[in-house]
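Inside the fold
Listed below are the residues making up each chain.
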Amino acid sequence: GAGVSQSPSNKVTEKGKDVELRCDPISGHTALYWYRQSLGQGLEFLIYFQGNSAPDKSGLPSDRFSAERTGGSVSTLTIQRTQQEDSAVYLCASSRTGAMRNSPLHFGNGTRLTVT
Amino acid sequence: AQTVTQSQPEMSVQEAETVTLSCTYDTSESDYYLFWYKQPPSRQMILVIRQEAYKQQNATENRFSVNFQKAAKSFSLKISDSQLGDAAMYFCAYRSRNSGGSNYKLTFGKGTLLTVNP
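Residues numbered from 1 in each chain as written. Chains lettered and ligands numbered in written order. Predicted model: local features only at pLDDT ≥ 70, side-chain atom pairs only at ≥ 80, totals over all residues. Heavy atoms only, no water.

**Concerning the interface of chain B and chain A**
Rules: By the convention used here, residues are in contact when the closest approach between their heavy atoms is within 4.5 Å. By buried area we mean the combined loss of accessible area, with a 1.4 Å probe, across both parts when two parts are placed together. Here, a salt bridge means any side-chain nitrogen of Lys or Arg that lies within 4 Å of a carboxyl oxygen of Asp or Glu. Distance and chemistry together define a polar contact, namely a pair of N or O atoms within 3.5 Å, with one atom able to donate a hydrogen and the other to accept it when in protein, and with adjacent residues in sequence counting only for side-chain atoms on both sides.
Contacts between chain B and chain A engage 24 residues on the former and 28 residues on the latter. Summing the contributions of chain B and of chain A, the shared interface buries around 2,100 Å²; its carbon and sulfur component is 46%. A per-residue breakdown of the area chain B buries against chain A is headed by R43, R95 and Y104 of chain B, which together make up 33% of the total. Summed over the shared surface of chain B and chain A, the result is one salt bridge. In this structure, D56 of chain A and K105 of chain B form a salt bridge, with 3.8 Å as the shortest nitrogen-oxygen distance. At the junction of chain B and chain A, the tally comes to 10 residue pairs in polar contact (both at pLDDT 80 or more).

This is the structure in structure tokens:
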């Protein structure tokens, strides 16, 4: 079946502009994650959605970052007033449920964001 | 908070030979999962192997095996008979198994870039 789909694959934007990154998880997966991968760094947790529960936003680096998940499926990560330090690969992952601790994460191919 | 350390930013291996990637972690928990993920140039993270901390037996998946030393908090990945397609960034990751808290999160190391030479 289809995997996790992210769009766009690459995005170049000017400093100060807003951007939206989209994630379409695997059908039936209730848990959805956003991670950020900066050059030379590991993956940094941003936000977690599980079903209808309140999301865990503890990893969002500033109030310029926000995310939504509509209808328990597609998620959008929005970065307002982008800065050069926001340049990174943004990875989305989904799993059948976060509550089953052994449920593996399936990752998308990420969006490479470049802020000029 | 848990931390994961990969001390080798880059490694290289000759095709058909064996290479070991190192990973150490710090946790106060006794029950958890450890993972190795592979990230090829396509950027997609692919699960290579998984180990439950309560299992003493080291996990194996074909040419991939781990050396899990719980007391030393070490979790190295051995790739045998290396192939050109093994070239990628490899990430070690930790996930709590305890109920409650943030047991849904994966904590990643910074990665090791593996080059396979023909």
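Let us keep going from here.
**What to know about the state of the cysteines**
Residues and elements named next belong to chain A. Filter applied, for reference: By disulfide we mean two sulfur atoms from cysteines, separated by a distance within 2.5 Å. In DSSP terms, a helix is any run of H or I states spanning at least four residues, a strand is any run of E spanning at least two, and both are numbered starting from the N terminus.
Using the criterion set out here, one finds two disulfides over all chains in the structure. Covalently, C23 is tied to C92 through a disulfide, its sulfur atoms 1.9 Å apart. On the sign convention where negative is left-handed, the bridge of C23 and C92, at about -65 degrees about the S-S bond, is left-handed. Of this pair, C23 sits in strand β3 (residues 19–24) while C92 is found in strand β8 (residues 88–95), placing the two residues 69 residues apart along the sequence.

**Here we look at the environment of Y90 of chain B**
Residues and elements named next belong to chain B. Considering the arrangement of structural elements, one finds Y90 in strand β10 (residues 88–96). When the C-alpha positions of Y90 and L47 are compared, they lie 9.9 Å apart, and in sequence the two are 43 residues distant. Ignoring anything within four residues of it in the chain, the contact list for Y90 reads Q6, L21, W36, Y37, K38, V48, F64, L77, I79, G111, T112 and L114. Looking at Y90, its side chain comes within polar contact range of the main-chain oxygen of D86, at 2.6 Å.

**Quick notes on the sheet that holds strand β1 (residues 5–7) of chain A**
Residues and elements named next belong to chain A. Applicable threshold: Strands are labelled as partners when DSSP assigns at least two bridges between them. Angular values range over 0 to 180 degrees, each being the angle between N-to-C directions of two axes fitted as lines to C-alpha atoms, with helices fitted over their stretch in contact.
With antiparallel pairing, the four strands of this open sheet are ordered in space as β1-β3-β7-β6. Looking along the sheet, the strands with just one partner apiece sit at the ends: β1 and β6 (65–69). The mean angle between the axes of side-by-side strands here comes to 15 degrees, regardless of whether they run parallel or antiparallel. Bridge count between β6 and strand β7 (residues 75–79): five bridges; the pairing is antiparallel. Residue E68 lies in a different strand from β7, and its bridge partner there is T76.

**Examining the packing of aromatic side chains**
Selection rule: Classification of ring pairs rests on two measures: the distance between centres of Phe, Tyr or Trp rings, Trp counted by its six-membered ring, which must be within 6.5 Å, and the angle between planes, read as stacked under 30 degrees, edge-to-face over 60 and tilted in between. Buried residues are those whose accessible area, probed at 1.4 Å on protein chains only, stays under 20% of the maximum for their type, while exposed residues exceed 50% and partly exposed ones sit between those limits.
Throughout the structure, instances matching the rule amount to 17 aromatic pairs over all chains. Taking the centre distance of 6.4 Å and the plane angle of 25 degrees together, the rings of Y33 of chain A and Y35 of chain A count as stacked. For Y33 of chain A, a relative accessible area of 0% corresponds to the buried category. Both rings, one in F107 of chain A and one in Y37 of chain B, keep their centres 5.6 Å apart while their planes meet at 80 degrees; by these two values the pair is edge-to-face. Highlighted residues: F107 of chain A in strand β9 (residues 106–107) and Y37 of chain B in strand β5 (residues 32–39), drawn from two different chains. Each member of the pair F107 of chain A and Y37 of chain B is classed as buried. Each member of the aromatic cluster is reached from another via a ring pair, and the members are Y33, Y35, F45, Y48 and F107 of chain A together with Y33, F35, Y37, F91, Y104 and F108 of chain B.

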